[in-house]
Amino acid sequence: MTLPCLRRLLLSTLRPQVRWLCESAGPGSTRLVTLLKERFPQATAVEVEDISGGCGAMYEVWVEAPDFKGLSRVKQHKLITETLKVEIQDMHGLRITTTLPDTT
C-alpha cells in the first residue's frame, strides 16, 4: 500500500476531525505548514516532512483540500508551488501530493 493510500485510510478512520500534521517539526516544516494552512483554510489535512535528513533541503508536502476540486493535478501542484514560492528558492527539491477530501 502506498503512503498516500495509508494516509487516506488513516484520515478516513479519524473523520470528522481536521488534522494538521507536521512529522518533522523543524522550523522549515513548521513555516511550510503555516503557509499552506493560511492558503488552504478549508483543508482537512496538511502534512510536511523534511525528507533531506533534517537539513531542510527537500520536503514532502501533502495537502487534502476541497480547493482542488475540478483542477488538474498540474494546476493543484501549481497552487502549492505558488504558495511556497519564496521557500522553494532555498530547497533542493519538493515532492507534492494533493488529494480531495472523501465526500462519502
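What comes next is a walk through the structure. Quick caveat: nothing in here was measured; it's all calculated off a predicted structure.

Focus on the pattern of salt bridges
Two side chains carrying opposite charge are able to pair once their charged atoms lie near each other. Per the stated rule, a full pass over the model turns up two salt bridges. One salt bridge in this structure joins Glu87 and Arg31, with 3.4 Å as the shortest N-O distance. Placement of Glu87 in helix H4 (residues 85–88) and of Arg31 in helix H2 (residues 27–39) is noted, with a sequence separation of 56 residues between them. Residue Arg95 is joined to Glu60 by a salt bridge in which the shortest nitrogen-to-oxygen separation is 3.9 Å. Taken together, the residues Arg95 in strand E4 (residues 93–99) and Glu60 in strand E3 (residues 58–64) connect sequence positions 35 residues apart. On the accessibility criterion, Arg95 (42% relative accessible area) is partly exposed. What makes Glu60 buried here is its relative accessible area of 9%.

With respect to the side chain of Asp50
Following the sequence through the fold, Asp50 ends up in strand E2 (residues 45–50). Comment: no salt bridge for buried Asp50; closest opposite-charge side chain is Arg95, at 10 Å. Here the side chain of Asp50 touches Gly56 through a polar contact of 2.9 Å, landing on its backbone nitrogen.

So, the nonpolar core
Of all hydrophobic cores here, the largest spans 18 residues; its most connected members are Leu36, Phe40, Val63 and Ile80. Within the residue set of this core, elements represented by two or more residues are H2, E2, E3 and helix H3 (73–83). Considering each element in turn, this core owes the most residues, four residues, to H2. For Val63, the contacting residues outside a window of four places in its chain are Leu36, Phe40, Ala43, Ala45, Val46, Phe68, Ile80, Thr97, Thr98 and Thr99.

Calculation criteria
Residues numbered from 1 in each chain as written. Predicted model: local features only at pLDDT ≥ 70, side-chain atom pairs only at ≥ 80, totals over all residues. Heavy atoms only, no water. Salt bridge = Lys/Arg side-chain N within 4 Å of Asp/Glu carboxyl O. Helix = DSSP H or I, 4+ residues; strand = E, 2+ residues; numbered from the N terminus. Buried < 20%, exposed > 50% of the residue type's maximum accessible area, 1.4 Å probe, protein only. Lys, Arg positive; Asp, Glu negative; His and termini not counted. Polar contact = N/O pair within 3.5 Å; in protein donor to acceptor, adjacent residues only side chain to side chain. Core = buried A, V, L, I, M, F, W, Y, C linked by side-chain atoms within 4.5 Å. Contact = heavy atoms within 4.5 Å.

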